[in-house]
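Chain by chain, the residues:
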Amino acid sequence: MAIETKEITFEQEIEYSLLDHGGYIKGNPRDYNREFAIDTKQLFQFLQDSQPVEWEKLCRKHGENVETGFLKKLYRDLDTYGTLYVLRHGVVDAPAKLSLCYFKPASGMNQTSQALYEKNVLSITRQVHYSLKNENSIDVVLFINGLPVATVELKNPITGQTVENAKRQYMKDRDPRELLLSFKARCLVHFAVDTEEVWMTTKLNGINTFFLPFNKGNNGGKGNPVGNSTYRTSYLWEEVLQKDSLLDIVQRFIHLQEDKKNPKKSVMIFPRYHQLDVVRKLVADVYANGTGHNYLIQHSAGSGKSNSISWLAHHLSNLHDKNDKVVFNSIIVITDRLVLDKQLQDTIYQFEHVEGVVTKIDNNAAQLADALNTGKKIIITTLQKFPFVLEKVDDLSGKRFAVIVDEAHSSQTGEASKKMKAILGNAEGLTEEEQLQKVADEEAKEERKQSDSEDEIAKEMATHGRLPNLSFFAFTATPKAKTLEMFGTPDASGIPHAFHIYSMKQAIQEGFILDVLKNYVTYDTYFKIGKKIADDPRYEKSKANKALGKFLSLHPHNLAQKTQIIVEHFRTVTKDKIGGKAKAMVVTGSRLHAVRYYQEFQRYIKKMGYENELGILIAFSGIVHDGGEEYTEVSLNGIKESELPEKFHSGEYQVLLVAEKYQTGFDEPLLHTMFVDKKLSGVKAVQTLSRLNRTCFGKDDTFVLDFVNSAEDIRAAFAPYYEETSIEETTDANIVYELKSKLDEFRVYWQSEIEAFSKAFFKPTKKQGNMDFGVLNSFLDPAVDRYNGLDENEQEEFKTTLAKFVRTYTFLTNIIRLDDADLHKFHAYAKFLQKKLPKREGGGPIFLDDEVSLQYYRVQKIFEGSIALEQSEPLPNKLHPGKPKPEEEKAPLSELIDKINEKFGTEFTNIDKVLEQIVSDMDANEELRVQARNNSQEHFRFPFNDAFMDVVIGRMAQNQQFCERVLDDAKFGDTVRDLLVGVVYERLRSTTGSGIHP
C-alpha cells in the first residue's frame, strides 16, 4: 500500500517525534477548557503532584469549588500580567503560593530544584477547538502544565498548500480576539510550518500580522538545507520545541517589550533561529572547552544583535562548569550603543526579577575598577575606559571574564585592547585555588613587591595571545582580516573562520534589510584644466594630483552642478518614497566639502524657491575654517548636536550632509537615498552604504547616486561580506623578525640603548623615580641623531618600516604568544622612537587654485542598474616588509594638467568652455571685485548684470552663436546669469586677482 501523503500524516509524524523523544505527553482536546483557554486536566494534575502543601491550602480556602475558584484567580492574573509572567512568577491565591512552572537550576548542586523541574508536564494536543463561537480548530497546540504557549498550523506542499497558506490562515481565519490567540494573555508564539520553511509571529493582528522567518538558512541565503532523511523543517520539533529547549526559551529568551504609553505597541520578542542557535552553541562550546577561547560572530545588520548580545550575556552570567562552579566572575559588554544598556537592564530584570544585575559604567575608570573588583555580574562599558584602569584595579588574578564586543573591528588590536587584557588577564596562568592561596600568602606578596624590570616584562608579555581566563565573543557584520585572525576559529589548515554566521545575503533574502546595491547609479565627472600663470613650476606628482583633485572637487561650478542634480533628483524621485517621508544623505569628501555643499544647497534652494519643501542639516566634527570664517555643525544647523538625529527624523528636514560623522552606526529607517561624493572602499564602503538598508513600513527599495566610485569598486567592496567573510592565509609571525632585521641594517639604534631603555621603562611602579622620563629620552636621543644623518630616502624607509613593525607586533601579540623578551623590549623602545623621529619638512600639501583654471566640465551618467553579488571573495591579508619608497618624481605644471585632462577629459560642448571664459573675464575686473567684497550677493547682482552684458558683447567674435542667444533669448540669458552670479561672487571675494585667462 502506498504511503499516505495527506497533511494529517505530517501532523502525526510531528506528534510522534515529540512524544517519542521530545519529552511530551499526548494531550486530549476534550480536556481543553474553551472558557479559560487552559487544559485544566493537565493544570490540576501538575499542581497536586508538584505542590501538595499549597494545594491543600487552596482546598481549605475554596472547598468543593477549589478548581473553579483557582481558575478565576488564574484567569485574572493571566489577563493582567500574561502567560509569560505567570509561568515565571506563579500565582498567589492567598494563602497559597503556587508555581505554574519550574525552571532548570543553573547548578546541578540544587537537587530539590532539579526534582521540581522534572515535575513539569509538556503536552501536545492536535485539532484543538478553541472558540466559544464556532468549531474552528488549530492543528497543534503545545501546553506547559496546562497553559497554552504555542500554536502550529501545518501545510504540506505535496497536497498543494505551503507555508504561505498557513500564514494566510492565521491572518484571515484566526480571530486574535479569541482567548487562546490573544496577545500576551495566552499563547506566546504561533508557527506557520510546511516541509520547507518555518515562519512565526508572537502577535496575531488580522491582515496586519507580521511573520518572521524561523529558518536555518541555506547556502548562505534564506530557507533551509536538505534534511538528513527527514524534512527540511524537522529541526523545529526535533530541536527547538523539545521539552528542555522550550522551557529554556520561556525562562531565558522570550522578552516582553512593553510600551506603557501605548500598550497596543507592546511587542513579545521570541528569538529567531539564528539567535537561538548562536547563543546555545557558544554556551555549549564554553561548557565543553572552558575559558580562554575567542569567538567571532558574523551577524549582518538586521540580525538583531542587541537581543543576541543580551541573551548571551545572561546565559554566560549563569553558566556553571562540569564541577558546578561558576565559569565567569563577570560578563563585560563593550559597546557604544546607548540603547543596549536599557535593553539589557529590562531583559535581565524580566528573567531574574532582581535589580542591579547589570552595571553601566557611565562615569569614570574608577567606577569600572570598582565593578570589576566587587564582581558585578554584567558590566556595560566602552573600550576607551579600559586603558585608565590598570593602576586603579585590584589584583584580579584567579578571576575569569567573558568579554562581549559589539561591532568588533581592528581597534581591538590596539593598545586599549592590550590594557584591557592586562587588567583582566591571569598573568601567571595558575588555577583559581592556587591564585587564591598565593594572594593569601604574605611572603609571596613581599616577593612581588621586590620584582625587577624583567618580571614586569614577563607580566606584560603574559597579556599577549589568548589568555586562559579570558573569553572573547566578538559580534560584527563586517569583519576585517585582522578581526578574523584575532577572534576567528581556525580550521584544520589553520585558516580562521567565524564561529557563527547570519549573512548579509540571508538578511536581504529574508527581508530584514534592503539590498542597497539594487538601484545604483554612477556618474563620472569629465573636465579639462588650464594653466593660468606664465611660469611652469615643478611639483611632486602625487601631491600635485591631489591638489588638482581638490581644486576640482571644491570648484564652485562643480559643487553647483552636483547640487542641482542632487536637489532635483530628491524632489522628483526621493521625496515621494515611504509615503512622502523619505530622506537622503549626502556623503562628502571632507568637512570643508560639507560646508561648501551646505552653502551651495542653501543658495540653490533659495534661488529655486524650495525653502518650504526641503530642509537641510549638516553633520561634522570640530571647527571648519574657510575664507576667514569659522563654521561648526551647531552654528550652521542652529540646533544642539545631540538633537540632530531626532530633528532629522522629523518632517522638518529631508537631507543630511555628512563628513565622516553618521557614515557608520546611524540608524534612520526613513533614509532612502544616498548621494556619494567621496571615494569609498572596503569595509568603509559597506558600512556607509548600509545606512540605507534599514526597513520600515512603506519602504521597499533604496537608491544610490555615486559621483566618485564605479560599480566595480562597490561590488569589490561588498563581495567579501555577502556570505561568509574569509581570508586566504594567516599572518606569518616571522614578519616581525623580518621587519626587525630590516631595521637593524640602518644601524640607527644600539642594543645597549634598548637594554638600558627597557630597564628604566619596565621598572616596577614602586621603584620609579621623578627623573625616569628624562632617562628614557637619554636612550632615545642618540638614535634620533643617527636617523638625522641618513639621506631622505633612507629616513623615509626606516620610518615606514618602524611604523609597520610597531603595528604588526601589536596585532600579532593579540593572537599568539611569541615568548621573546628581547623582541618585546625592542617593541617598547620602537614605540617611543617612532614618536621622537622628526617630521619631514616641506611635506605639506600644495595649493594650485591660483595657478590653474577649469576650462571644461561635464557630469555624465555611466552606470544605472543593480550591482549583483554572487558569492563572497576572500579579504586580502598579505603582509611583507616592503620596498624602499622611490624618490618623488617632479614634473612641470603643464605636464601634470595634460595628464589629468587626458585621464578625465572627453568631448565637451562649447557652452562649458564659454561659461568658464566668462567667469575668467569677470575675475579680471577689479572694480567688480571691489563690489563683491563690499556687498551681499543680492546687492552684487546689479553690477554683475551690467558686467555680464559687457563680457558677452566682448566675447561675440569668439563665440557668436552663444552670445547672440544670450542677447536674443531673454529666458536663456536669465538662466545663464543665475547660474554664474554665485560662482563669480565667490571667486571675486576669495581671490586677490587673476593671471592669464583663456
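Residues numbered from 1 in each chain as written. Predicted model: local features only at pLDDT ≥ 70, side-chain atom pairs only at ≥ 80, totals over all residues. Heavy atoms only, no water.

Novice: Describe the sheet that holds strand β15 (residues 330-334), naming the residues involved and giving the relevant values.
Specialist: With parallel pairing, 7 strands are arranged side by side in an open sheet as β16-β17-β15-β18-β19-β14-β22. A strand with exactly one partner marks an edge of an open sheet, and here the two such strands are β16 (358-360) and β22 (500-502). Across the sheet, the mean angle from the axis of one strand to that of its neighbour is 15 degrees, orientation sign disregarded. Pairing between strand β14 (residues 294-299) and β22: 3 bridges, direction parallel. (Pairing = 2+ DSSP bridges. Helix = DSSP H or I, 4+ residues; strand = E, 2+ residues; numbered from the N terminus. Axes fitted to C-alpha atoms, helices over the stretch in contact; angles between N-to-C directions.)

Novice: Tell me about the packing of helix α28 (residues 751-761) against helix α31 (residues 821-836), residues and numbers included.
Specialist: Two packed helices can be described by the angle between their axes and the distance between those axes. Look at α28 against α31: their axes get within 9 Å of each other, and the N-to-C directions meet at 85 degrees. Between α28 and α31, the angle is such that the two are roughly perpendicular. The segment α28 lies against α31, with Glu753, Ile754, Glu755, Phe757, Ser758 and Phe761 engaging Asp822, Lys825, Phe826, Ala828, Tyr829 and Phe832. Here the residues of the contact of α28 with α31 sort into 7 nonpolar, 1 polar and 4 charged. (Parallel < 35°, antiparallel > 145°, perpendicular 65-115°, else oblique. Contact = heavy atoms within 4.5 Å. Nonpolar A, V, L, I, M, F, W, Y, C, P; charged D, E, K, R; others polar.)

Novice: So what's going on with the pattern of salt bridges? Residues and values would help.
Specialist: For the structure on display, the rule yields 39 salt bridges. Put simply, glutamate 723 and lysine 505 hold a salt bridge, and the shortest N to O gap is 3.1 Å. Placement of the pair is glutamate 723 in the loop between α26 (711-718) and α27 (734-744) and lysine 505 in helix α19 (residues 504-509), with a sequence separation of 218 residues. For the residue pair glutamate 723 and lysine 505, the accessibility class agrees, reading buried in each case. One connected set of salt bridges, linked through shared partners, spans Glu11, Glu15, Lys26 and Arg126. (Salt bridge = Lys/Arg side-chain N within 4 Å of Asp/Glu carboxyl O. Buried < 20%, exposed > 50% of the residue type's maximum accessible area, 1.4 Å probe, protein only.)

Novice: Which residues make up the sheet that holds strand β8 (residues 147-154), and what are the values?
Specialist: Sheet architecture is open: 7 strands sit in the order β1-β6-β7-β8-β9-β10-β11, paired in mixed fashion. With partners counted over all chains shown, the strands left at the sheet margins are β1 (24-26) and β11 (212-213), one partner each. For strand β6 (residues 122-129) and strand β7 (residues 137-144), the ladder comprises 7 bridges, and the chain directions are antiparallel. Bridging from a neighbouring strand, valine 128 pairs with isoleucine 138 of β7.

Novice: Account for the nonpolar core, naming residues and giving values.
Specialist: The biggest cluster of nonpolar side chains holds 157 residues, and the ones touching the most others in it are Phe191, Phe214, Leu316, Ile404, Phe473, Leu656 and Leu689. No other element matches the 7 residues that helix α10 (residues 273-289) contributes to this core. Ignoring sequence-local partners within four residues, the contact set of phenylalanine 473 consists of Leu282, Val286, Tyr295, Ile297, Leu312, Leu316, Phe328, Ala402, Val403, Ile404 and Val405. (Core = buried A, V, L, I, M, F, W, Y, C linked by side-chain atoms within 4.5 Å.)

Novice: Tell me about α10, and name the residues and values.
Specialist: The first and last C-alpha atoms of α10 sit 24 Å apart over 17 residues, in line with the 24 Å expected at 1.5 Å per residue. Looking only at α10, the buried set comprises Tyr273, His274, Gln275, Leu276, Asp277, Val278, Val279, Leu282, Val283 and Val286. Each element contacted by the buried residues of α10 is listed here: α8 (235-240), α9 (243-252), β14, α11 (305-317), β19 (470-476) and β22. Immediately beyond the C-terminal end of α10, within one or two residues, lies glycine 290, with a positive phi of roughly 75 degrees. (Expected span 1.5 Å × (residues − 1).)

Novice: Account for the environment of glutamate 568, with residues named and values stated.
Specialist: You can see glutamate 568 is positioned in helix α21 (residues 556-572). Non-local contacts of glutamate 568, meaning those with residues more than four positions away in its chain, are made with Tyr604, Met608 and Tyr610. A polar side-chain atom of glutamate 568 sits 2.7 Å from a polar atom in the side chain of tyrosine 604. (Polar contact = N/O pair within 3.5 Å; in protein donor to acceptor, adjacent residues only side chain to side chain.)

Novice: Describe the pairing of strand β10 (residues 198-201), with residues and values.
Specialist: Both faces of β10 are covered, namely the face carrying Val198 and Met200 and the face carrying Trp199 and Thr201. As judged from the 4 bridges shared by strand β9 (residues 189-193) and β10, these two strands associate in the antiparallel manner. Along β10, the bridge assignment pairs valine 193 with valine 198. Counting the residues that bridge the hairpin from β9 to β10 gives 4 residues. As paired strands, β10 and β11 are joined by 2 bridges and run antiparallel to one another. Bridge assignment links methionine 200 to a residue of β11, and that residue is leucine 212.

Novice: Run through the pairing of strand β17 (residues 378-381), naming residues and quoting values.
Specialist: The alternating pattern of β17 places Ile378 and Ile380 on one face and Ile379 and Thr381 on the opposite face, and all of these are buried. Across 4 bridges, the pairing between β15 and β17 is parallel. Within β17, the position partnered with valine 333 by the bridge is isoleucine 380. Inspection of the sheet shows β16 paired to β17 by 3 bridges, in the parallel sense. Looking at the pairing, lysine 360 lines up with isoleucine 380 of β17. As a crossover connection, the stretch from β16 through helix α13 (residues 365-373) into β17 is right-handed. (Right-handed = clockwise from strand over helix to strand, strands pointing away.)

Purely geometric stuff here, so don't read any function into it on its own.
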